[in-house]
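Commentary on secondary and tertiary structure
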Amino acid sequence: MEISLKTLTPLWSGNAKRECIKLREVSILGSLRWWFEVIVRGVNGHACDSTSENKCEYKGNIEKICHVCQLFGTTGWAKRFRIDIDGKFWEPYSGKLVIMGQQRSWHYEPGLISDSISIKLQPIFPLFIDPGDSNKEILDSIMGVLLRFISNWGMVGGKTAIGYGVVKAETNIRNSDFEIFKSFLDVKKNSRANASGAPRLDEMFFARFKVNEAVFLK
Ligand SMILES: [Zn+2]
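Nothing here was measured: the structure is a model prediction, and the numbers come from that model.

As for the overall build of the protein chain
- Looking only at helices and strands, one finds 4 helices and 6 strands in the protein chain.
- Overall, the protein chain shows an N-to-C arrangement of helices and strands of β-α-α-β-β-β-β-α-β-α.
- Compactness check: the protein chain gives a C-alpha radius of gyration of 18 Å against a globular reference of 17 Å for 218 residues, within 12% of the reference.
- Over its C-alpha atoms, taken along the principal directions, the protein chain stretches across nearly 55 × 35 × 30 Å.
- Counting all 218 residues of the protein chain, 34% fall into the buried class.
- Counting contacts in the protein chain only where the partners sit at least 6 residues apart, residues at least 24 apart contribute 66% of the total.

Structure follows, in structure tokens:
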């Protein structure tokens, strides 16, 4: 599947030197995974903390790895899909904006703007040991619902706490996609406890801000 996005606020995709020169696949992938974990925990599914030592490890039993690792991969179990990102990006200004506060200041580096980012997702491995379901359909439905959610309520990339990474996605979601998304989570409800303190949808609240697109688009 191919989904196109445009930025409503600049994207931040930092490299090892903390510079943002290009949008890296790993930034989008990390955000998709983070939001999927949040949603899975919010509906009482199990999502391990993929950044901790307690993350899942595949040792021959798919039932033992969480919903998120099943799709995004973990030790011993490769990511089930390939992601390719393409688009033309530019910086909305040069240098740095600094907003002075009384105690501290906020430093806004330009980040990246684009009116057309293409995200291509292709299945490369079966989702289940026992195939039979259409992998492509499941992958498309899950990613479509995830990107719709992120477009309505979430953000991608880094520095999201100071407003970077608001995007609008062109998704064409059908009711059946939501059904497939839900049934993927229902396949293996289990009693494993989620990591304490890990972010989850049912402990969040959301607010919407209107962004004037003309500010950022050429
Ligand atoms: Zn896991």
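Notes on helix H4 (residues 175–186)
- Helix length check: H4, at 12 residues, gives a terminal C-alpha distance of 17 Å against a target of 16 Å (1.5 Å per residue), a fit within 8%.
- Three or more residues of H4 are buried, namely Asp177, Ile180, Phe181 and Phe184. Around the axis of H4, the buried residues are gathered within 100 degrees of arc, so they sit on the same side. Opposite the packed face of H4, turned more than 90 degrees from it, sit the exposed residues Asn175, Ser176, Glu179, Lys182, Ser183 and Asp186.
- Close packing links the buried residues of H4 with helix H2 (67–72) and helix H3 (135–153).

Remarks on the nonpolar core
- One finds Trp35, Val68, Ile142 and Leu146 to be the most contacted residues of the largest nonpolar core, which totals 47 residues.
- Ignoring anything within four residues of it in the chain, the contact list for Val68 reads Arg33, Phe36, Glu37, Val40, Ala47 and Ser50.

Quick notes on the rules
Residues numbered from 1 in each chain as written. Predicted model: local features only at pLDDT ≥ 70, side-chain atom pairs only at ≥ 80, totals over all residues. Helix = DSSP H or I, 4+ residues; strand = E, 2+ residues; numbered from the N terminus. Rg over C-alpha atoms; globule rule 2.2 N^0.38 Å. Buried ≥ 20, exposed ≤ 12 C-beta atoms within 10 Å, placed from the backbone. Contact = placed C-beta atoms within 7 Å. Expected span 1.5 Å × (residues − 1). Arc of directions from axis to C-beta. Core = buried A, V, L, I, M, F, W, Y, C linked by C-beta atoms within 7 Å.

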